[in-house]
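Notes for the structure review
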Amino acid sequence: MRTPLIAGNWKLQPPTRAEARVLAAAVVSGTRGLAGREVVLAPPFVMLTTVADAVVDSLVRLAGQNLYWENSGAFTGEISGPMLVDTGCQHVLVGHSERRQIFGETDYAVAKKVGAADACGLGSILCVGETLEQRDSGDAMLVIEKQVRRGLVELTTEGLSRLVIAYEPVWAIGTGRTASPDQAQQVHAGIREIIREVASSEVAESMRILYGGSVKPGNIDELMACPDVDGALVGGASLQADDFLRIIHFQES
Ligand code: PGA
């Protein structure tokens, strides 16, 4: 069985390390003794060490929000996979739609990053998803298939078993508009089918596919009831400890 994974993507927030420490500590204390679920926090780079200290001796794991595919050299402003490992990260987000749309990240760059993450032992959380225009024109699955297939080209078989995919419809991110459980389930099942073709049934069955896009305490239970939804990538609601903890503790009450 796939262990549910709930990841908080803090994006460019909170403003200070002091706030990051408080938020991480609240997540740590609200997840003590939690069994059968994984929790990941992805703070801004400069807060990774602060959050790493706050989550020591807890089950909360750390992720970078991005990485560059070279390990060192003249690449001003970039962060490497080994640097993330050194700060305590086990995961890294790759190809978030904000990276693709605002920063022009291509499928080529995404694939290089997934490969580089794998080479240093980081598990990528590969983000894919269609825009509203693409959904309305019936191209959603086509777009997602392309992103998934192209995102995996640099990955070894072993790397595939560490990979997590996050389906995040662009129209649902930060908009308060969530995909319906049916819409999410349909895409998740489609992604699992692609993995079956690219890798094997075994890999497909064990791969976690997260849903992301306006996940809130009020919709997590129904999303997690979908057979192919294995967790959530949470933006806005991960900045409110109570909301994020309710999401982590989905279907418990
Ligand atoms: P949201 O963001 O939960 O604020 O919609 C999700 C994400 O971008 O990962």
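Quick notes on unusual backbone geometry
Looking along the chain, the bond that leaves Q13 and enters P14 is cis, with omega of -5°. Examined against the element boundaries, P14 turns out to sit in the loop between strand 1 (5-9) and helix 1 (17-30). Despite not being glycine, S214 has its phi angle at roughly 55°, a positive value. Along the polypeptide, S214 turns up in the loop between strand 7 (208-212) and helix 11 (220-224). One non-glycine residue, Q251, adopts positive backbone phi at about 55°. The topology assignment puts Q251 in the segment after helix 12 (241-248).

Looking at the pattern of salt bridges
Inspection of every chain in the model, using the stated rule, returns 18 salt bridges. The residue R135 makes a salt bridge to E130 at a minimum N-O spacing of 2.7 Å. What emerges from the salt-bridge pattern is a single network uniting R2, R192, E193, R196, E205, D228 and D230.

Concerning the site of the ligand
Around the ligand sit 13 residues in total, of which K11, H96, E168, G174 and S214 are the nearest. Here an oxygen atom of the ligand and a side-chain polar atom of K11 are 2.7 Å apart. In the model, an oxygen atom of the ligand is placed 2.8 Å from a nitrogen or oxygen of the G236 main chain. Taken by itself the ligand offers 280 Å² of open surface, and the protein chains cover 96% of this. Of the residues in the shell around the ligand, the class split is 4 nonpolar, 7 polar and 2 charged.

Comments concerning the nonpolar core
Side chains that are nonpolar tend, in soluble globular proteins, to be buried together. In terms of nonpolar packing, the biggest core is built from 65 residues, with V148, I191, I195 and Y211 touching the most fellow members. Excluding anything up to four places from it in sequence, V148 contacts V128, I165, I191, I194 and I195. Within the second largest apolar cluster, 12 residues are counted, among which are I125, C127, A166 and L233.

Side note on helix 9 (residues 181-198)
Given a rise of 1.5 Å per residue, 18 residues ought to cover 26 Å, and the 25 Å separating the end C-alpha atoms of helix 9 matches this to within 8%. All of the buried residues along helix 9 are A184, Q185, V187, H188, G190, I191, R192, I194 and I195.

The rules we used
Counting of residues starts from 1 at the beginning of each chain's written sequence and follows it residue by residue. Totals for whole chains, interfaces and linings use all residues, but because this is a predicted model, local features are given only for residues with pLDDT of at least 70 and pairs of side-chain atoms are given and counted only at 80 or more. Only hydrogens and water are set aside when side-chain values are computed; all heavy atoms of the structure are taken into account. Numbering of helices and strands runs from the N terminus; a helix is a DSSP stretch of H or I covering at least four residues, while a strand is a stretch of E covering at least two. Salt bridges are counted wherever a side-chain nitrogen of Lys or Arg sits within 4 Å of a carboxyl oxygen of Asp or Glu. Nearness of a residue to a molecule or strand requires only that one of the residue's heavy atoms be within 4 Å of it. Residues adjacent in sequence count toward polar contacts only when both atoms are side-chain atoms; beyond that, a polar contact is any pair of N or O atoms within 3.5 Å, and within protein one must be able to donate a hydrogen and the other to accept it. Per-residue and other accessible areas were derived by the Shrake-Rupley procedure at a 1.4 Å probe size, with only the shown protein chains allowed to occlude residues. Under the scheme applied, nonpolar residues are Ala, Val, Leu, Ile, Met, Phe, Trp, Tyr, Cys and Pro; charged residues are Asp, Glu, Lys and Arg; polar residues are all the others, including Gly. What we call a nonpolar core is a set of buried Ala, Val, Leu, Ile, Met, Phe, Trp, Tyr and Cys residues that are connected through their side-chain atoms within 4.5 Å. Burial status follows relative accessibility: with a 1.4 Å probe on protein chains alone, a residue under 20% of its type maximum counts as buried, one over 50% as exposed, and anything between as partly exposed. Contacts were defined at the residue level, with two residues in contact if any of their heavy atoms lie within 4.5 Å. The span you would expect from a helix comes to 1.5 Å times its residue count less one.

Geometric values such as these leave the question of function open.
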